[in-house]
Amino acid sequence: MTQGSLRGANSAPSQRPLADTNAPDEDDGVDTSPAVSDRVAKTTCYMCACRCGIDVHIKDGKVRYINGNRDHPVNRGVICGKGSSGIMQHYSPARLKKPLLRTGPRGSGEFRQIEWEEAFSIATERLSNIRRSDPKKLAFFTGRDQSQSLTGWWASQFGTPNFAAHGGFCSVNMAAGGLYTIGGSFWEFGEPDWDNTKYFMLFGVAEDHDSNPIKIGLGKLKARGAKVVSVNPCRTGYNAIADDWIGIRPGTDGLFVFALIHELLKAGRVDLDYLLRYTNAHVLVIQDPGAADDGLFVRDSAGNLLAWDRVAKVPVRAADASAKPALTGSFTVDGRRCVPVFQLIADRYLDESYSPDAVAERCGIAAGTIRRIAAELAHVAFEQTIELPVAWTDWVGRRHETIKGRPVSMHAMRGISAHSNGFHSCRAIHLLQVLLGTVDVPGGFRFKPPYPRCAPPGPKPAGKNVRPMTPLDGMPLGFVCGPDDLLVDEAGVPIRIDKAYSWEAPLAAHGLMHTVIRNAWAGDPYKIDTLMMYMSNMAWNSSMNTVETIRMLTDRDEAGNYKIPFIIYSDAYHSETVPFADLVLPDTTYLERHDCISLLDRPISHADGPGDAIRHPVVEPDRDVRPFQSVLIELGARLGLPGFVREDGAAKYADYADYIVNHERAPGIGPLAGWRGKDGNSTGKGEPNPDQLQRYIGNGGFWHHDFAEDQRYYKMANRSYLDFAVQMGFIPKAEPVVFQLYSEPLQRFRLAARGYGRAVPPESERQRIETYMDPLPFWYVPFEEAAVDTEKYPLHALTQRPMHMYHSWGSQNAWLRQITSQNRLFVHEKTAAGLGLADDDWVWIESTNGKVKGQIKLVQGVNESTVWTWNAIGKRRGSWGLKDDAAESNRGFLLNHIIGDQTGDANGRRYSNSDPVTGQAAWFDLRVRIVKCAAEEAGFTEPQFERFQQPPHFEPVPDKLTFGAEFRRKREAAE
């Protein structure tokens, strides 16, 4: 595709724009196509993380209407309820209007308005003192901001390792599980081959994530008659239209997948040729218990991995394309016993403990159903193969006249991720895909650029040597390859406040945002000075154990000082977290600022080519607010951070828009890949182009490149693609990506637990490391389930967001509130009958951590041992611009109140309620019981909290929002 041309993503006639969009005249005199705007601005939606293209219709300088951009590669004109209601998000009564400085007790909501200069002075003085003394005393954590390339770089230049974003309590298990196995992951870094797959499995996917692309894709599958299988305790949204709903018990997905693998191995239905070419299945593993290298790969003197040639009967380089490697057997190399990785896989998963009969009861799935699913997977993969008439050349120079594929694809999300066993469950799904030969092939799961990368990818996390006035020697987040890469001191104490990359969470690729408040409050592992947060509702629906979190935010020491000394918070809206801040920096809405959806962070690529996008101001703010990204850049300049100032000390960037265009992370590589170079004719790499943003705006707010036909599949070993990836800066060298079915980095941690290596864990952590850092995925009971009395708390409890809402944002939106303003606890009819409950009853939902009260709704589409509800509907009075009698504050409830933020082990040690490998928050391990309320307790939710005071600039909350009335009045007046 040439620069500036549109992709033409809507190839079907029914998807193309109409040649004449004017409706014919009708006898009733009704104008069915009125002119609704003076102009149309094309930008990127921000109502969820989908990043769809939108057309924003502007009338008299105000937003009049929003619809989908038909030319955009993400949504192709499709728009959801969230996107179209962005008008009400933009004009929300909850918008902050002025910087605020706390005047009353923290949590009261008492503030005074200040000017921006005073706000900058306060923040600069405080942050300067921290930077001059100990940069670790700043903890900077951001939410779903989609600008982590900037915020992470800012933290690095400031010199604090204490940076992370939303992923640690959302999807780090998905990211790490995939990146350590296949060099990519589900959702943002991969997608099913919607046009060719014949058998599609969803694991734990709710409808608020990636909603428009999935809806488009499911529509294609349904139209073609492909089979859709959903594995989810709740039958809603995508799961409700599945051909086969597997209502699994929460936390047992990995066990179910291992049973499928058991059946496939038992039947010999695995793609051996695929395994030999693209994985480490044939690599030899040392079998020498008690040795310092037990479980590591066999290497020659040059460090090359070795395999066993089954014909020559000698060890050979595993990468030798002419060899005939053995996949099974036991061999002796240099006097030592070793076996191929695949032998270890067979030994583990052929064990009867993983058979359908052994796992059926625990999973809540009949053994016959498991066998049927395994048989269907095998049939489609091996009997319904796809062959595209496209020639391509693999990495070793072999020319293939066609591209072959096995049309089975899978997709997974938070239902897998948010368990304390989620990392290994995610790895199990990738192992299943690879055994079937369905990764980056026609009909299978496909990588989105800039992935795949080596497994695990680089870089490693920085922060071992924190010094005053000194940037880190890299980015705060990254991927460790062994114990030596951990961020711990010589005594094994974590360097980061969230304990990411420590012995407690070694592979914490996204950090542990959910631990920051507790650790800062407790001074564990040290005290901080300032907690700076952006757009993350950590005092409400983004925290576990909300009651305790609120107490920690307001707790004081013996001298009367807050245990978390200072909190800076930026948000566009008056959320439940704003009242706990000491300094509030009001952000703009997404329609009033520049944003960058970058290949350095979270792009809008799809499997057939890379893409990125921007947001740009389509209307001007009518309040004294500033985009947080520009505020951060100005703070960087005022602090004199390297990279933010020129040699003479002057600010290097005027604002975020200037940064987007002119910043270079490496020579020629900046936030945006399109229209680079002085003339705008370069792609991927090139000098900054001063006209770059205008080129994006002229192209509908996005850039996209189409791969050549021979680059679209087998990206892990496709010579043409790998060469392109180097040209774009995706990877440093054009080398194949080898899928790591057996993860040697994890085995290095186990060896450290046995006392080998320079870095070894404290004695108290050794058993935990030995158990959970297993190089092959395995299943274990989720921690809370193992710790609680499951007879007393017999039910699993889950939360998810409805398709029309996202995090806290949607449930303050006037249009979306009309769809859902009260959440219910959904209970299976049989379960309710056994408890003597009827539809609409009010109940106490009790866990070991507390209780919350809500109203139930009886359903059939849920696992009988599971209850669930919509998350973040319940609001605290005085927040989000809602009236005191709003249903959200009176009848809506929040399960976060009863989710514990810590768990204990058998030795009494307390840990974050997280996955022990990555630190992923284990939201979905909650166990509860439900008890009917007394009659006098019914009708209102509990717990209730003191009402927040309104910010000084807030006007009285209107009884009714009448957006659009002014346009009608003007139109009627003109008539």
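Since we're looking at a predicted model, the values are computed, not measured.

1. Some thoughts on the sheet that holds strand 11 (residues 244-246)
Each strand in a sheet pairs with another by means of backbone hydrogen bonds, the pair being arranged parallel or else antiparallel. On the basis of which strands lie adjacent, the open sheet formed by four strands has the order 11-10-9-21 and parallel pairing. Sheet topology places strand 11 and strand 21 (408-412) at the edges, where each strand pairs with a single neighbour. The average angle at which neighbouring strand axes cross in this sheet is 15 degrees, direction not considered. Strand direction decides the pairing type here: strand 9 (residues 199-203) and strand 21, joined by five bridges, are parallel. By the bridge assignment, F200 is partnered in strand 21 with S409. Running over the sheet, helix 14 (residues 422-436) touches strand 9 and strand 21 and is turned about 170 degrees from strand 21.

2. Describing the nonpolar core
Residues W154, M201, F203, F256, L377, F739 and I845 are the most contacted members of the largest nonpolar core, which totals 277 residues. Setting aside residues no more than four positions away along its own chain, F739 makes contact with T181, I182, Y274, Y278, T279, N280, V434, V439, F447 and M716. If you look at the next biggest cluster of nonpolar residues, it comprises nine residues, including I286, A326, F331 and C338.

3. Topic: the sheet that holds strand 27 (residues 611-615)
Within the open sheet, the three strands sit side by side as 26-27-28. Their pairing is antiparallel. Two strands in the sheet have a free side with no partner beyond their single neighbour: strand 26 (595-597) and strand 28 (702-704). Here the strands of the sheet are splayed against their neighbours by 10 degrees on average, with no regard to which way each runs. Where strand 26 meets strand 27, three bridges bridge the pair, whose relative direction is antiparallel. For I597, the partnering residue across the bridge sits in strand 27 and is A613.

4. Description of the packing of aromatic side chains
Scanning the entire structure with this criterion turns up 46 aromatic pairs. When the centroid spacing of 4.8 Å and the interplanar angle of 10 degrees are considered together, the rings of W392 and Y714 count as stacked. Highlighted residues: W392 in strand 18 (residues 392-393) and Y714 in the loop between strand 28 and helix 20 (719-728), separated in sequence by 322 residues. Taken individually, W392 and Y714 each receive the classification buried, so the pair is uniform in this respect. Look at F580 and F948: their rings are 6.0 Å apart centre to centre, the planes differ by 85 degrees, and that puts the pair in the edge-to-face class. You can see F580 sitting in the loop between strand 24 (566-571) and strand 25 (583-586) and its partner F948 sitting in the loop between strand 36 (927-932) and helix 27 (965-974), a full 368 residues away along the chain.

5. Some thoughts on helix 4 (residues 148-158)
Because an α-helix completes one turn every 3.6 residues, residues spaced three or four positions apart along the sequence face the same direction. Helix 4 sits mainly inside the fold: eleven of its eleven residues count as buried. Those residues of helix 4 that sit buried are Q148, S149, L150, T151, G152, W153, W154, A155, S156, Q157 and F158. As for helix 4, its buried residues are in contact with helix 3 (116-133), strand 6 (138-142), strand 7 (163-164), strand 23 (530-534), helix 17 (628-638) and helix 18 (656-662). Just beyond helix 4, the residue with positive phi is G159, at close to 105 degrees.

6. Section: the environment of E829
With respect to the element layout, E829 can be found in helix 25 (residues 829-834). On the basis of relative accessible area, E829 is assigned to the partly exposed category, the value being 37%. Sequence separation between E829 and V862 is 33 residues, and the spatial gap between their C-alpha atoms is 9.3 Å. Ignoring any residue separated from it by four or fewer positions in sequence, one finds E829 in contact with L858, V859 and Q860.

7. Thoughts on the packing of helix 3 against helix 4
For the pair helix 3 and helix 4, interaxial distance at closest approach is 11 Å and the crossing angle is 55 degrees. Classified by the angle between their axes, helix 3 and helix 4 sit oblique to one another. Taking contact as the criterion, the partners of L127, I130 and R131 in helix 3 are, on helix 4, W154, Q157 and F158.

8. Comments concerning the confidence of the model for the chain
Reading predicted coordinates in detail is not appropriate for stretches of low pLDDT. Per-residue pLDDT for the chain has a mean of 94; in total, 97% of the residues score no lower than 70. Per-residue pLDDT stays below 50 along residues 1-18; that stretch engages in 33 contacts with residues further than four places along the chain or on separate chains.

9. Let's talk about the pattern of salt bridges
Evaluated as defined, the whole model comprises 70 salt bridges. The salt bridge partner of R348 is D774, with a shortest N-O separation of 3.0 Å. In this pair, R348 sits in helix 10 (residues 341-349) while D774 sits in the loop between helix 22 (763-772) and helix 23 (783-787), placing the two residues 426 residues apart along the sequence. With a relative accessible area of 5%, D774 lands in the buried category. The shortest N-O distance in the salt bridge between R518 and D901 comes to 2.5 Å. Taken together, the residues R518 in helix 15 (residues 516-522) and D901 in the loop between helix 26 (887-890) and strand 34 (902-904) connect sequence positions 383 residues apart. Under the relative-accessibility criterion, R518 is labelled buried at 15%. When its relative accessible area of 10% is taken as the criterion, D901 is described as buried. Each member of the salt-bridge network shares a partner with another, and the members are D294, R348, R750, R754, E770 and D774.

Cut-offs applied
- Residues numbered from 1 in each chain as written.
- Predicted model: local features only at pLDDT ≥ 70, side-chain atom pairs only at ≥ 80, totals over all residues.
- Heavy atoms only, no water.
- Pairing = 2+ DSSP bridges.
- Helix = DSSP H or I, 4+ residues; strand = E, 2+ residues; numbered from the N terminus.
- Axes fitted to C-alpha atoms, helices over the stretch in contact; angles between N-to-C directions.
- Contact = heavy atoms within 4.5 Å.
- Core = buried A, V, L, I, M, F, W, Y, C linked by side-chain atoms within 4.5 Å.
- Buried < 20%, exposed > 50% of the residue type's maximum accessible area, 1.4 Å probe, protein only.
- Phe/Tyr/Trp six-rings, centres within 6.5 Å; stacked < 30°, edge-to-face > 60°.
- Parallel < 35°, antiparallel > 145°, perpendicular 65-115°, else oblique.
- pLDDT = per-residue confidence, 0-100.
- Salt bridge = Lys/Arg side-chain N within 4 Å of Asp/Glu carboxyl O.

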